[in-house]
Amino acid sequence: MPRSALLVPIALLLVAMVSIQSGASLAKNLFPLVGAEGTTALRLVLGAIILSLVMQPWRARLDLRKCHALLAYGLALGGMNLMFYMSLQSIPLGIAVALEFTGPLALALFSSRRLLDFVWVILAIIGLWMLLPTGATQSAIDPLGAALALGAGVCWSLYIIFGQKAGAQHGRHTVALGTWVAALLVLPIGIWHAGTDLLSVDLLPIALGVAVLSSALPYSLEMVALTRLPARTFSVLMSLEPAVAAMCGLAFLGEKLLWGQWLAVGAIIIASAGAAATIKPKS
């Protein structure tokens, strides 16, 4: 593929990453009003509505006997979003994304079979150790926030595993259907936490912006990029997301990271990019 043909999908993917992290930055403005739980519920419900208008999931032929993967995919999506937003209440966006990224990174490393692959394991562990509350940066990272971000990473891994299975069964309808499952999981939690405040019309513009920036727009752009980029190139570029998150946190929220935290985020980025570029699955 000519290099010029790669520029457009690469640009789309970068825009998608900025969109997702900008949406997360915007979401933090809703936390004082409805909490992370209410914000997650609003994002998922509005995101599901938008995705349904685009993907028309009602056209899908559902067989309840074959919906286990779809349900697991949706539950993982809901848990990932809920725990990630809850982690943002106490730790910076860039650190939360870096910790969350260890989930899919670990999933990739489980398929390692060469000595070089374990270099990325060690580098990821060093980065993780530096970010945790007892790590080398000696910075005040909230333990609960870190645990929630790591939990979101576990859900991200499950999202990938079950998303592949659900996608094979339900095709292009999978994302919309899974988002509805996630919304139905999180909505009662959001209502329990925020009550009738979720119905405030004043919240709608920001909540709609979060849903578009965090779901509808980036998912669409990523799908275009994924169809035009080699899978390995796509994965390597996605490894930049913790850095994009840190920059968005700095630009939109004024979240400044210490030098040691930047080094830790960088170590996780290099480990993720290296794993994506060099790991060969077990035969």
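Quantities reported herein were computed from a predicted structural model and do not represent experimental measurements.

A few points about the overall build of the protein
When its secondary structure is counted, the protein shows 11 helices and 0 strands. Element order for the protein, N to C, with α for helix and β for strand: α-α-α-α-α-α-α-α-α-α-α. By the compact-globule yardstick of 19 Å for 283 residues, the protein fits well, its C-alpha radius of gyration being 18 Å. Taking the principal axes of the C-alpha coordinates as reference, the protein spans close to 50 × 40 × 40 Å. Going through the 283 residues of the protein one by one, you find that 51% of them count as buried. Considering only contacts within the protein whose residues lie at least 6 apart along the sequence, 87% involve residues at least 24 apart.

Here we look at the packing of aromatic side chains
Geometrically, a pair of aromatic rings is defined through the distance of the ring centres and the angle of the planes. Per the stated rule, a full pass over the model turns up 4 aromatic pairs. On the basis of an interplanar angle of 45° and a centroid distance of 6.1 Å, the ring pair of Phe84 and Tyr85 is categorised as tilted. Comparing Phe84 with Tyr85 shows no difference in burial state: the two are buried.

Focus on the pattern of salt bridges
Tallied over the full model, the rule gives 1 salt bridge. In this structure, Lys28 and Glu255 form a salt bridge, with 2.7 Å as the shortest nitrogen-oxygen distance. With a gap of 227 residues between them, Lys28 in the loop between α1 (3-27) and α2 (31-55) and Glu255 in the loop between α10 (241-253) and α11 (259-278) connect regions that are remote in the sequence. The pair Lys28 / Glu255 is uniform in exposure class, with both members buried.

Details of the side chain of Ser19
Residue placement: Ser19 occurs in helix α1. In contact with Ser19, not counting residues within four places along its chain, are Leu213, Ser214, Leu217 and Pro218.

As for the nonpolar core
One finds Leu13, Phe84, Tyr85, Leu88 and Leu93 to be the most contacted residues of the largest nonpolar core, which totals 59 residues. The element that contributes the greatest number of residues to this core is α2, accounting for 8 residues. Other than its neighbours up to four places away in sequence, Tyr85 contacts Gly23, Ala24, Ala27, Phe31, Ala36, Thr39, Thr40, Arg43, Val210 and Ser214.

Focus: the packing of α2 against helix α3 (residues 68-87)
Remark: α2 packs on α3, axes separated minimally by 9 Å, with the N-to-C direction vectors making an angle of 160°. Of the possible angle classes, the one that applies to α2 and α3 is roughly antiparallel. The handedness of the crossing between α2 and α3 comes out as right-handed. Contacts from Phe31, Ala36, Glu37, Thr39, Thr40, Arg43 and Leu44 in α2 reach Gly78, Asn81, Leu82, Tyr85 and Met86 in α3. Partitioning the contact of α2 with α3 into residue classes produces 6 nonpolar, 4 polar and 2 charged.

So, the environment of Ala24
If you trace the backbone, Ala24 turns up in helix α1. You can call Ala24 buried: its relative accessible area is 4%. It is 7.9 Å that separates the C-alpha atoms of Ala24 and Leu93, two residues lying 69 residues apart in sequence. Setting aside chain neighbours within four positions, we find Ala24 in contact with Phe84, Tyr85, Leu88, Leu93 and Ser214.

Some remarks on a nonpolar patch on the surface
Among the surface-exposed residues, Ile49, Leu53, Val54 and Trp180 lie close enough to one another that they form a single nonpolar patch of about 390 Å² accessible area. Relative to the assigned elements, Leu53 resides in helix α2.

Considering α2
With 25 residues, α2 ought to run about 36 Å at 1.5 Å a step, yet its terminal C-alpha atoms sit only 30 Å apart, falling short of that. At Glu37, α2 shows its largest kink, close to 75°. Most of α2 sits inside the fold, with 19 of its 25 residues counted as buried. Once α2 finishes, Gln56 follows within two positions and takes phi at roughly 50°, a positive value.

Reading guide: rules and limits
- Residues numbered from 1 in each chain as written.
- Predicted model: local features only at pLDDT ≥ 70, side-chain atom pairs only at ≥ 80, totals over all residues.
- Heavy atoms only, no water.
- Helix = DSSP H or I, 4+ residues; strand = E, 2+ residues; numbered from the N terminus.
- Rg over C-alpha atoms; globule rule 2.2 N^0.38 Å.
- Buried < 20%, exposed > 50% of the residue type's maximum accessible area, 1.4 Å probe, protein only.
- Contact = heavy atoms within 4.5 Å.
- Phe/Tyr/Trp six-rings, centres within 6.5 Å; stacked < 30°, edge-to-face > 60°.
- Salt bridge = Lys/Arg side-chain N within 4 Å of Asp/Glu carboxyl O.
- Core = buried A, V, L, I, M, F, W, Y, C linked by side-chain atoms within 4.5 Å.
- Axes fitted to C-alpha atoms, helices over the stretch in contact; angles between N-to-C directions.
- Parallel < 35°, antiparallel > 145°, perpendicular 65-115°, else oblique.
- Left-handed = near helix turned anticlockwise from the far one by under 90°.
- Nonpolar A, V, L, I, M, F, W, Y, C, P; charged D, E, K, R; others polar.
- Patch = residues over 30% accessible without salt bridge, like charges linked within 9 Å, V, L, I, M, F, W, Y side chains within 5 Å.
- Areas by Shrake-Rupley, 256 points an atom, 1.4 Å probe, with all protein chains shown as cover.
- Expected span 1.5 Å × (residues − 1).
- Bend = angle between axes of the 7 residues up to and from the residue.

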